[in-house]
Amino acid sequence: MAIREVNKVVTGTTQYDGAGVKLVRVIGRADVKEFDPFLMLDAFDSDDPEDYIKGFPWHPHRGIETVTYLIKGDIEHGDSLGNSGSILDGSCQWMTAGKGILHQEMPQATPRMLGAQLWVNLPKKDKMTEPEYRDLTKEMIPVVEDEDHSVRVISGEYKGIAGATQGDYVKIDYFDVMLQPGAKFQISTDPNRNLFVYIVLGAGSFGSDMTTVYPNKRALLFEEGDQFSAIAADDGLRFFLFSGVPLKEPIAWGGPIVMNTREELMEAFREIENGTFIQGGGLDGL
Ligand code: FE
């Protein structure tokens, strides 16, 4: 039995994206090799609507999945498949961009917006799959309650409970784990997977080192191992846990498009330029 130890701590940088949304890019381009199959994690935590109200107006995606999960908040969305709706407290939107989608994501003013958008890479063979939206409502996400902790199973399986999805392409675990002060959480993990956590609230220790306390708003990447362990500090601990088998495929990344080769990237931008990006429909004037 090998406990996964913390391998790397990432704080990310404050950035503005979309039409001017203030966010923390926790992991991004520079981290892709180590965090594979995860490409990006943007974290939101704000009580000032000015930080996010400008939103992410219409933009394309290809070759990835974007997974937006909100503990608190309200993001209205619409897309070129004709979907529209809102991501609300405790719900998740799992969007497969595949061969191409245009969408907009517009956060609405709420007392607090707290959540994250994760980008999961698509395997080379699935990059041009059909696009699809999945609205995983709060009711669809099982909550496994224990004496001193609870786990929301967005994706994967925890204690025999299947999450709201398993992922159609890359199978990932995505758990929202809440520990009471001093609570311990230990699970078995597939040693073939890369695993990282993002500490949302509180603080805690991870792996066999019980003395180092990591504060919130940090991502921790773990070494290989078949056990994951966390202990909450005095104020409790809430973190997102992500794991997935690395794809180990070449990456050509241009803004919202992530392909395997530069040629594929250029082709995508050519299609956007001449209006053929979205076949059989799409939105006029985009
Ligand atoms: Fe987007």
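Summarised in this report is the structure supplied together with it. (Residues numbered from 1 in each chain as written. Predicted model: local features only at pLDDT ≥ 70, side-chain atom pairs only at ≥ 80, totals over all residues. Heavy atoms only, no water.)

**Observations regarding the packing of aromatic side chains**
Moving on, step 1. Under the counting rule described, the total for this entry stands at 20 aromatic pairs.
Moving on, step 2. Here the aromatic rings of Phe 185 and Phe 239 are separated by 6.1 Å at their centres, their planes lie at 70 degrees, and the arrangement is edge-to-face. Separated by 54 residues along the polypeptide, Phe 185 in strand β18 (residues 184-188) and Phe 239 in strand β22 (residues 227-244) bring together distant segments of the chain. As far as the burial class goes, Phe 185 and Phe 239 line up, both buried.
Moving on, step 3. Chaining the aromatic ring pairs together yields one cluster made of Tyr 158, Phe 175, Phe 185, Phe 206, Tyr 214, Phe 222, Phe 228 and Phe 239. (Phe/Tyr/Trp six-rings, centres within 6.5 Å; stacked < 30°, edge-to-face > 60°. Helix = DSSP H or I, 4+ residues; strand = E, 2+ residues; numbered from the N terminus. Buried < 20%, exposed > 50% of the residue type's maximum accessible area, 1.4 Å probe, protein only.)

**As for the pairing of strand β19 (residues 194-206)**
Moving on, step 1. Counting buried residues in β19 gives twelve out of 13 residues, a clear majority hidden from the surface.
Moving on, step 2. Relative to β22, β19 is paired through eleven bridges, and the arrangement is antiparallel. Following the sheet pairing, Phe 196 is matched in β22 by Phe 242.
Moving on, step 3. Where β19 meets strand β21 (residues 218-222), four bridges bridge the pair, whose relative direction is antiparallel. Paired with Tyr 198 across the bridge in β21 is Ala 219.
Moving on, step 4. Taken together, the two bridges between β19 and strand β20 (residues 214-215) define a ladder with antiparallel strand orientation. For Gly 204, the partnering residue across the bridge sits in β20 and is Tyr 214. (Pairing = 2+ DSSP bridges.)

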